[in-house]
Amino acid sequence: MADHRVLLETLSSAALGACIDIAGDEAHHLTRVKRLEAGAPIELLDGRGLRASAIIERTTKTRGGEWLVSARIEGLTREAPISPRVEVWASSPKGDRLSSMIDGLSQVGAAAWAPLHTTRTIVDPRDHKLERLVRITAEAAKQSGRAWTLEIAKGGSLAVALDTTDTLVVADASGPDFTGESMGPRVRLFIGPEGGFTPQELEQARSRGARLLRFGPHTMRIETAAVVAAAMLVHHQVAAVSSPRTSTGAPA
């Protein structure tokens, strides 16, 4: 079994038995960090549900001094996204805590994150910050082995976030404990800022049919609450029904 994964957007064009080239940072990591050579097994992901098992055929250096890895595809598997689809709208915590939240959400199987702007929101992540978060989702996908990378959405106000047909869930201590009840195939989870949602915002959410639920006995930081609540919502159904797979080649 491969102990190293590569995120490769060009994987969708690969065919069973064919060789595919890996360049750039991924090739450098394979050859200079992992020290992998010809014959070593690796796993390839495209971040959109395609997973491949492969064997390194050769490693070479280009004239420009860059490493190039050629790998032969031995198995291809197409995976459906995790169900239920849990989309997390959460106010951004300060500093590196936002990166930690995105990494955690990736690991527990959340489908997407969007920055939620509320009355008490302090941090408004800029474009360069969001670009860094996309890189974190890629690394988290490789680490956790998820076939679909976490989506980073544009976000917006609570009014914008509530405008959906998804099941609406607000993580708030005023609600009853979450007991594992079914939420349907698509859930939009709301995590408030430090200080929580205002009474007016909670009433706004209720008026749109949102359920207020408590996901733990203690007050949690934003990044902790987001990961814990998302994990509980995802695990409820995933524990009983595995994500379906359709083989398009030899078993991975």
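Residues numbered from 1 in each chain as written. Predicted model: local features only at pLDDT ≥ 70, side-chain atom pairs only at ≥ 80, totals over all residues. Heavy atoms only, no water.

## Topic: the overall build of the protein
Scanning the protein for helices and strands turns up six helices and 13 strands. Expressed along its principal axes, the backbone C-alpha trace of the protein runs to roughly 60 × 40 × 30 Å. Out of the 252 residues in the protein, the part that is buried amounts to 46%. The contacts in the protein between residues at least 6 apart in sequence include a share of 75% that link residues at least 24 apart. Summed over all atoms, the accessible surface of the protein reaches about 12,600 Å², with 51% contributed by carbon and sulfur. (Helix = DSSP H or I, 4+ residues; strand = E, 2+ residues; numbered from the N terminus. Buried < 20%, exposed > 50% of the residue type's maximum accessible area, 1.4 Å probe, protein only. Contact = heavy atoms within 4.5 Å. Areas by Shrake-Rupley, 256 points an atom, 1.4 Å probe, with all protein chains shown as cover.)

## What to know about the packing of aromatic side chains
Here the structure, examined in full by the defined rule, presents one aromatic pair. Aromatic pair phenylalanine 178 and phenylalanine 215: ring centres 5.3 Å apart, planes at 35°, arrangement tilted. You can see phenylalanine 178 sitting in the loop between strand E10 (167-171) and strand E11 (186-191) and its partner phenylalanine 215 sitting in the loop between strand E12 (211-213) and helix H6 (222-238), a full 37 residues away along the chain. No difference in accessibility class separates phenylalanine 178 from phenylalanine 215, as the two residues are buried. (Phe/Tyr/Trp six-rings, centres within 6.5 Å; stacked < 30°, edge-to-face > 60°.)

## Quick notes on the side chain of glutamate 201
Within the secondary structure, glutamate 201 is located in helix H5 (residues 199-207). Here glutamate 201 sits buried without a salt bridge, and the closest side chain of opposite charge, arginine 120, lies 6.3 Å off (N-O distance). Here the side chain of glutamate 201 touches threonine 198 through a polar contact of 2.9 Å, landing on its backbone nitrogen. (Lys, Arg positive; Asp, Glu negative; His and termini not counted. Salt bridge = Lys/Arg side-chain N within 4 Å of Asp/Glu carboxyl O. Polar contact = N/O pair within 3.5 Å; in protein donor to acceptor, adjacent residues only side chain to side chain.)

## Structural notes on the side chain of aspartate 172
Counting through the fold element by element, aspartate 172 comes out in the loop between E10 and E11. Here aspartate 172 occupies a buried position and makes no salt bridge, while the nearest side chain of opposite charge, arginine 206, is found at 6.0 Å. Within the local environment of aspartate 172, its side chain forms a polar contact with the side chain of serine 174, the two groups lying 2.4 Å apart.

## A look at the pattern of salt bridges
Counted by the stated rule, this structure contains 16 salt bridges. Among the ionic pairs, glutamate 43 bridges to arginine 5, the shortest N-O distance being 2.8 Å. Of this pair, glutamate 43 sits in strand E3 (residues 41-45) while arginine 5 sits in strand E1 (residues 5-7); the two residues are 38 residues apart in sequence, bridging distant segments of the chain. On the accessibility criterion, glutamate 43 (15% relative accessible area) is buried. With a relative accessible area of 27%, arginine 5 lands in the partly exposed category. Measuring nitrogen to oxygen at the nearest pair gives 3.2 Å for the salt bridge that ties arginine 97 to glutamate 194. Taken as a pair, arginine 97 in helix H2 (residues 97-108) and glutamate 194 in the loop between E11 and H5 lie far apart in primary sequence, 97 residues in all. According to the relative accessible area criterion, glutamate 194 is partly exposed, its value standing at 38%.

## Focus: the confidence of the model for the protein
Per-residue confidence for the protein averages 91 on the pLDDT scale, and 93% of its residues sit at or above 70. Segment residues 240-252: pLDDT under 50, and 23 contacts once partners within four positions in sequence are set aside and those in other chains are kept. (pLDDT = per-residue confidence, 0-100.)

## Structural notes on the nonpolar core
Of all hydrophobic cores here, the largest spans 30 residues; its most connected members are Val88, Leu105, Trp113, Leu189, Ile191 and Phe215. Taken together, the elements giving at least two residues each to this core come down to strand E6 (85-90), H2, helix H3 (127-144), E10, E11 and H6. If you tally residues by element for this core, the top one is H6, at eight residues. Dropping the residues within four chain positions of it, valine 88 is found in contact with Leu105, Ala110, Ala112, Trp113, Ala114, Leu189, Ile191, Ala226 and Ala230. Counting 21 residues, the second-largest nonpolar core is a separate cluster that includes Ile20, Ile22, Ala27 and Ala52. (Core = buried A, V, L, I, M, F, W, Y, C linked by side-chain atoms within 4.5 Å.)

## What to know about the environment of glutamate 223
Residue position: glutamate 223 is located in helix H6. In this structure glutamate 223 comes out as buried when scored by relative accessible area, which is 11%. In this structure the C-alpha to C-alpha distance between glutamate 223 and valine 160, which are 63 residues apart in sequence, comes to 22 Å. Other than its neighbours up to four places away in sequence, glutamate 223 contacts Pro93, Arg97 and Met101.

## Thoughts on the packing of H2 against H3
Two elements in contact, H2 and H3, have axes whose closest approach is 9 Å; the angle formed by their N-to-C orientations is 35°. Between H2 and H3 the crossing geometry is right-handed. Across the interface between the two elements, Leu98, Ser99, Ile102, Asp103, Ser106 and Gln107 of H2 pack against Lys129, Arg132, Leu133, Ile136, Thr137, Ala140, Gln143 and Ser144 of H3. For the contact of H2 with H3, the residue count by class is five nonpolar, six polar and three charged. (Axes fitted to C-alpha atoms, helices over the stretch in contact; angles between N-to-C directions. Left-handed = near helix turned anticlockwise from the far one by under 90°. Nonpolar A, V, L, I, M, F, W, Y, C, P; charged D, E, K, R; others polar.)

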